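Spelled out, the chains give:
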Amino acid sequence: MSTATDIRVNPGTALWARKLARWLPAITLFYSLFIWPVLYGRSPDTDPALAERIAENQSTLLNQVFFPAIFLVALFVWLATCYRRSPALRDPAVLLVALMLGLFVVSAGWSIVPDIALKRAILQITIIGTLILSIAAADDPDGVVDRIFWMLAAVLITNLAVVSVTAPGPLGYEGLFPQKNGLGAAAALGLLFALHQLAARPGRIRLLAWVIIPISLALLVLSKSKTSLGLALMVPPLVLAICIAARAFRLSVPVLVAGLIGAVVLVYFIGIACYVWTFESVAYALFGDPTLTTRTDIWAFASSMAQRHPWLGYGFESFWQTGVESPSFREAPGFVARMPHAHNGYVDIVLQTGFFGLGLLTLTLAAALGTAGQVLKRSFSLGYLCITLIVFLMLYNLLETAWFRGFDYMSMIFVLAAALAASARSKLPWNG
């Protein structure tokens, strides 16, 4: 029996629109992973002059065309395939992401650079909207993952070729990226997706996964990106243990993750209280540098500034590199004034939206882990991938900033994982 909603959807249009929707997340990531580095060869993070021009809207024509265009395509394919039938959009994690976006928009009201804050919030809406709407329209999370993996494989193989004919940068090989951490993070993602494909997919794609795994490991080592290499080796087995425990004993994934984090924090502070170690000794043991490559200086300044606006922050993307009115430009000492971010995603969320925003982010992470945990009941491999990506980003943001930050591909990965989990969860017989 047809419904009024069904009559509005043309079957032929829905068929090709769904096929297109499966490619949109991969295309969006490809822009950040390949198109931007190739065309510009540098990043706002490493070129303050470029950052200033972007802040003043003088050099963003490509962004102004690409992201609105692909968002409109995603909106169209969603209308063509789903119309009012998108249970994935009602998932708690997706709704909380929408609340985060709303907070970013509203924060322009108390930002010292409201026009920049609003423009950057709108950019986030187009990027996140593209990912969520296209994944909902595709209604095929496994197909979306396959296409992202093919894209990552092409990017990593290209970077391997570039590395083989170029000299390393001052800190490590950079490939097509403006600095070595970009290459390291891309290689880590390639490894995580390849491990999933190896376990979940037969045939040629599994053979490609066997090829990409050693390429990813080689690029991680050559880039000398300690954060990405360490997390790429640590997170997969850790998450596998979490997933097995959650499924075998019917435990909540968010509770397990929170319990592990709580245990690590408790042990750390007990060691501090008992004079077994200090922050500096732990940092040196893990990274060979007690200042974490001068991050401690950045964090000290950021923490002191956050105390002035603890609850609502300075406004979305309004603290670093927003011109002469930027708080960091006016008050940061030495090299800190040139930083593009705090090198800690949680500190940056507090700087932008205060502890209110940090609390909302915490709820969003818990909801995304909960949704991904439900997916384990339907597809262990897909649930494992989503949880792995979320946990990887949670740890990655301790030393880098990748929560809702521009068109940074690591920033997109969390939304991608949450949307994939929401789409897969909507297929459960009891809808989660």
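No experiment lies behind these values; they were computed from the predicted model shown. (Residues numbered from 1 in each chain as written. Predicted model: local features only at pLDDT ≥ 70, side-chain atom pairs only at ≥ 80, totals over all residues. Heavy atoms only, no water.)

## Structural notes on the packing of aromatic side chains
Phase 1: Summed over all chains, the structure comprises 21 aromatic pairs.
Phase 2: Between the aromatic rings of Trp311 and Phe355, the centroid separation amounts to 6.0 Å while the plane-to-plane angle is 65 degrees, which identifies the pairing as edge-to-face. Here Phe355 lies in helix α15 (residues 345-375) and Trp311 lies in the loop between α13 (295-306) and α14 (327-331), a separation of 44 residues in the sequence.
Phase 3: Judged by relative accessible area, which is 61%, Trp311 ranks as exposed.
Phase 4: Connected via pairs of aromatic rings, a cluster forms that spans Phe104, Phe316, Tyr346, Trp403, Phe404 and Phe414. (Phe/Tyr/Trp six-rings, centres within 6.5 Å; stacked < 30°, edge-to-face > 60°. Helix = DSSP H or I, 4+ residues; strand = E, 2+ residues; numbered from the N terminus. Buried < 20%, exposed > 50% of the residue type's maximum accessible area, 1.4 Å probe, protein only.)

## Let's talk about the state of the cysteines
Phase 1: In this structure the tally under the stated criterion is zero disulfides.
Phase 2: Free cysteine: Cys386, not disulfide-bonded; nearest cysteine sulfur from Cys243 at 9.9 Å. (Disulfide = S-S within 2.5 Å.)

## Quick word on the side chain of Asn63
Phase 1: Position of Asn63 among the secondary structure elements: in helix α4 (residues 61-81).
Phase 2: Owing to a relative accessible area of 8%, Asn63 belongs among the buried residues under this scheme.
Phase 3: If we skip the residues at most four places from it in the chain, Asn63 touches Tyr31, Trp36, Pro68 and Phe407. (Contact = heavy atoms within 4.5 Å.)

## Let's talk about the pattern of salt bridges
Phase 1: A complete count under the given rule lists eight salt bridges for this structure.
Phase 2: The salt bridge involving Arg425 is made with Asp91; its shortest N-O contact spans 3.5 Å. In this pair, Arg425 sits in helix α17 (residues 409-425) while Asp91 sits in the loop between α4 and α5 (92-107), placing the two residues 334 residues apart along the sequence.
Phase 3: Across the pair Glu331 and Arg308 runs a salt bridge whose closest N-O atoms are separated by 2.7 Å. Of this pair, Glu331 sits in helix α14 while Arg308 sits in the loop between α13 and α14; the two residues are 23 residues apart in sequence, bridging distant segments of the chain.
Phase 4: Here the salt bridges do not stand alone but share partners, grouping Arg308, Arg330 and Glu331 into one network. (Salt bridge = Lys/Arg side-chain N within 4 Å of Asp/Glu carboxyl O.)

## Section: helix α10 (residues 226-249)
Phase 1: For α10, with 24 residues, the first-to-last C-alpha span of 34 Å sits near the 34 Å given by 1.5 Å per residue.
Phase 2: Of all the bends found along α10, the most pronounced is centred on Val235 and spans about 30 degrees, while Pro236, a proline, follows it within four residues.
Phase 3: Burial in α10 covers these residues: Thr227, Ser228, Leu231, Ala232, Val235, Pro236, Val239, Ile242, Cys243 and Ala246.
Phase 4: Where α10 is buried, its residues meet α8 (180-200), α9 (204-223), α11 (253-273) and α16 (380-396).
Phase 5: Once α10 finishes, Arg250 follows within two positions and takes phi at roughly 55 degrees, a positive value. (Expected span 1.5 Å × (residues − 1). Bend = angle between axes of the 7 residues up to and from the residue.)

## A word on the layout of surface pockets
Phase 1: Each pocket or cavity is described by its volume, and for the second largest pocket that value is around 1600 Å³.
Phase 2: Every residue lining the second largest pocket is counted, 37 residues in all, and those nearest its centre are Ile261, Val264, Val265, Leu395 and Leu398.
Phase 3: Every element with two or more residues in the lining of the second largest pocket is listed here: α10, α11, α12 (279-287), α15 and α16.
Phase 4: Residue contributions to the lining of the second largest pocket peak at nine residues, all from α11. (1 Å grid on protein atoms, 1.4 Å probe; cavity = no way out; pocket = protein on both sides within 12 Å on 5 of 7 lines; lining within 4 Å. Points joined across faces, edges and corners; volume = space filled by probe spheres on them.)

## Examining empty space enclosed by the protein
Which parts of space are left empty comes out when a probe the size of a water molecule is rolled across the atoms.
Phase 1: Tallying each qualifying case throughout the model produces two cavities of 30 Å³ or more.
Phase 2: When its volume is computed, the largest cavity comes out at roughly 70 Å³.
Phase 3: Around the largest cavity sit Glu317, Ser318, Phe319, Trp320, Pro340, His341, Asp348, Gln352, Thr401 and Arg405, which together line it.
Phase 4: Residue composition of the lining of the largest cavity, grouped by class: three nonpolar, four polar and three charged.
Phase 5: Reported here for the second largest cavity is a volume of approximately 30 Å³.
Phase 6: As for the second largest cavity, its lining consists of Ala88, Leu89, Val94, Ile132, Ile135, Ala136, Ala419, Ala422 and Ser423. (Nonpolar A, V, L, I, M, F, W, Y, C, P; charged D, E, K, R; others polar.)

## A closer look at the nonpolar core
Phase 1: Counting 117 residues, the largest nonpolar core has Trp403, Phe404 and Phe414 as the members making the most contacts within it.
Phase 2: The element that contributes the greatest number of residues to this core is α17, accounting for 14 residues.
Phase 3: If sequence neighbours within four positions are ignored, Phe414 has contacts with Val97, Thr364, Leu365, Ala368, Ile390, Leu393, Trp403 and Phe404.
Phase 4: The next biggest cluster of nonpolar side chains, apart from the first, holds 15 residues, and it includes Trp320, Ala337, Met339 and Leu351. (Core = buried A, V, L, I, M, F, W, Y, C linked by side-chain atoms within 4.5 Å.)

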